[in-house]
Amino acid sequence: MTVLPASRLIIDIFPDYEQIVLLDVETTGLTTETDQIIELAATRYYNGDAIGIEEQIYSVLVKLPKGKSLPQKIIELTNITDNMLETEGVLEQEAAGLFADIFLPAKKTLIIAHNTQFDLSFVLKMLEKCNKSIPAAFDILDTLTVLRDRKAHPHSLKDAIEYYKIAGVENTHRAADDVKALYEVVKHMKEERDDLKDYINLIGVHRVHGLWGEKINGVAYCIQLLGEKRKRLPDFLKEGKRIYTPEKIKEARPLVFKE
């Protein structure tokens, strides 16, 4: 497969949005109720009329509550240590405030992440705990859902980098590096097929494993058959098929979809 060079600025890909925010988090585990963010990275591209396109990079480590420590498997995966969090990290309240401020003064934002359900669920839980919220309307684009429609398993960010043969970036399981990689993945996805707008506010759900986390308002959830090449997930959504509708996804058993 031949992939065209990705040369566009990412904000040019989504002209309907005043700003784009690429997001990645590292956490102590997989459950928003019992785990927390330990690293939060976001790159913001703001298309202000007066100043042109502005890029801002946010990257913070987040302290653990007193008496808590990182699981060994998380240290091995991310190379983040308890000492790093204690000496370099900020309090969760400060991290929440920094993230909420990203959205000002824009009125219309697109949030992009690879597995948006995971990353954004943790961010929204952190904001809720700190009595904050995202102070503007936003849509989401989940590059994991897009990748699942385009290639066979596996579908991690690392797999996306390899699939598109992107040089100079890597999936390190550090949030700041992964946001840089995500930027390039989105541009290559656009060059491969010009249909990213069809995936806005759509998240594919694995038909066996289901999906965990709080439902994100305004997002449609659909059962996604991995490696399905006959039809894209947005086309099934338009037909009203494969809709996944539990109020709280984490409390629902995975649905079994049959052709």
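Counting from 1, residues in each chain are numbered in the order their sequence is written. Under the rules for a predicted model, residues below a pLDDT of 70 receive no local features and side-chain atom pairs below 80 are neither given nor counted, while totals for whole chains, interfaces and linings still include all residues. Excluding hydrogens and water, the side-chain figures rest on all heavy atoms present in the structure.

## Examining the overall build of the protein
Then, in step 1: Secondary structure elements follow DSSP: runs of H or I no shorter than four residues count as helices, runs of E no shorter than two count as strands, and numbering proceeds from the N terminus. Of the regular secondary structure elements, the protein holds nine helices and seven strands.
Then, in step 2: When a residue's accessible area, from a 1.4 Å probe over protein chains only, is under 20% of the maximum for its type it is buried; when over 50% it is exposed; and in between it is partly exposed. Here the protein holds 259 residues, and the buried ones make up 53% of them.
Then, in step 3: When checking whether two residues touch, look at their non-hydrogen atoms; a contact exists if any pair is within 4.5 Å. Long-range contacts, defined as pairs at least 24 residues apart, comprise 66% of the intrachain contacts of the protein with a sequence gap of at least 6.
Then, in step 4: Of the roughly 13,000 Å² that the protein leaves accessible, carbon and sulfur atoms contribute 50%. In this description, accessible areas are obtained by the Shrake-Rupley approach with a 1.4 Å probe, and a residue is regarded as covered only by the protein chains that are shown.

## Some remarks on the pairing of strand β6 (residues 202–206)
Then, in step 1: Most of β6 sits out of view: five of its five residues are buried.
Then, in step 2: Here β6 shows two buried faces, one formed by Leu-202, Gly-204 and His-206 and the other by Ile-203 and Val-205.
Then, in step 3: Between any two strands, at least two bridges found by DSSP are needed for them to pair. In terms of strand pairing, β6 meets strand β7 (residues 220–224) through five bridges, oriented parallel. Within the sheet, the bridge partner assigned to Gly-204 lies in β7 and is Cys-222.

## Section: the environment of Leu-30
Then, in step 1: Relative to the assigned elements, Leu-30 resides in the loop between β1 (19–27) and β2 (37–48).
Then, in step 2: Spatially, the C-alpha atoms of Leu-30 and Gly-213 are 9.2 Å apart, while their sequence positions differ by 183 residues.
Then, in step 3: In contact with Leu-30, not counting residues within four places along its chain, are Asp-35, Phe-118 and Phe-122.

## Regarding the nonpolar core
Then, in step 1: For this analysis, a nonpolar core means a set of buried residues of the types Ala, Val, Leu, Ile, Met, Phe, Trp, Tyr and Cys, connected via side-chain atoms within 4.5 Å. If you look at the biggest cluster of nonpolar residues, it comprises 34 residues, and the most contacted ones within it are Ile-10, Phe-14, Ile-20, Leu-22, Leu-110, Ile-112 and Val-186.
Then, in step 2: Contributions of two or more residues to this core are made by α1 (10–13), β1, β2, β4 (108–113), α6 (143–150), α7 (157–163) and α8 (175–192).
Then, in step 3: In terms of residue count, the dominant contributor to this core is α8 (eight residues).
Then, in step 4: Leaving out residues up to four positions away in the same chain, Ile-10 has contacts with Leu-22, Tyr-45, Ile-112, Tyr-183 and Val-186.
Then, in step 5: One finds Val-62, Phe-103, Leu-120 and Ile-140 within the second-largest nonpolar core, a separate group that totals 33 residues.

## Regarding the layout of surface pockets
Empty space among the atoms becomes apparent when a probe as large as a water molecule is rolled across them.
Then, in step 1: Cavities and pockets were defined on a 1 Å grid built from protein atoms only: a cavity is a group of points that admits a 1.4 Å probe but offers it no way out, a pocket is an open group of points flanked by protein on both sides within 12 Å along at least five of seven lines, and a lining residue is one with an atom within 4 Å of any such point. Grid points are joined across faces, edges and corners, and a volume is the space filled by probe spheres set on the points. Considering only enclosed or pocket space, the largest pocket measures out at about 1,200 Å³ in volume.
Then, in step 2: Around the largest pocket, the lining comprises 44 residues; the ones closest to its centre are Leu-30, His-114, Asn-115, Phe-118 and Leu-144.
Then, in step 3: Of all elements in the fold, only β1, α2 (72–78), α5 (116–129), α6, α7 and β6 reach the threshold of two or more residues within the lining of the largest pocket.
Then, in step 4: The greatest single-element share of the lining of the largest pocket, amounting to six residues, is contributed by α5.
Then, in step 5: Partitioned by chemical class, the residues of the lining of the largest pocket number 14 nonpolar, 20 polar and ten charged.
Then, in step 6: Here the second largest pocket defines a volume of roughly 240 Å³.
Then, in step 7: Here the element with the most residues in the lining of the second largest pocket is α5; it accounts for four residues.
Then, in step 8: Across the lining of the second largest pocket, the residue classes break down as three nonpolar, two polar and four charged. In the scheme used here, Gly and all other residues not listed as nonpolar or charged are polar, with Ala, Val, Leu, Ile, Met, Phe, Trp, Tyr, Cys and Pro taken as nonpolar and Asp, Glu, Lys and Arg as charged.

## Remarks on unusual backbone geometry
What you tend to see is this: most non-glycine residues have negative phi, and most peptide bonds are trans.
Then, in step 1: In the segment running from Leu-104 into Pro-105, the intervening peptide bond is cis, with an omega of 5 degrees.
Then, in step 2: Within the fold, Pro-105 resides in the loop between α4 (92–101) and β4.
Then, in step 3: Here His-153 and Pro-154 are connected by a cis peptide whose omega angle stands at 5 degrees.
Then, in step 4: Unusually for a residue other than glycine, Asn-131 sits at a positive phi of about 55 degrees.
Then, in step 5: Residue placement: Asn-131 occurs in the loop between α5 and β5 (137–142).

## So, the packing of α6 against α8
Then, in step 1: Convention adopted: a line fitted to C-alpha atoms gives each axis, helices being fitted over their contacting stretch, and angles between N-to-C directions are expressed from 0 to 180 degrees. One can describe the packing of α6 onto α8 by two numbers: an axis separation of 11 Å at closest approach and a directional angle of 45 degrees. Here α6 lies oblique to α8, going by the angle between them. Along this stretch, α6 crosses α8, giving a crossing that reads as left-handed. In this structure, α6 contributes Thr-143, Val-146, Leu-147 and Arg-150 to the contact, and α8 contributes Leu-182, Val-186, Met-189 and Glu-192. Geometric relationships in this document are graded by angle, where less than 35 degrees denotes roughly parallel, more than 145 denotes roughly antiparallel, 65 to 115 denotes roughly perpendicular, and other angles denote oblique. The hand of a helix crossing depends on one turn: near helix anticlockwise from the far one by less than a right angle means left-handed, and clockwise means right-handed.

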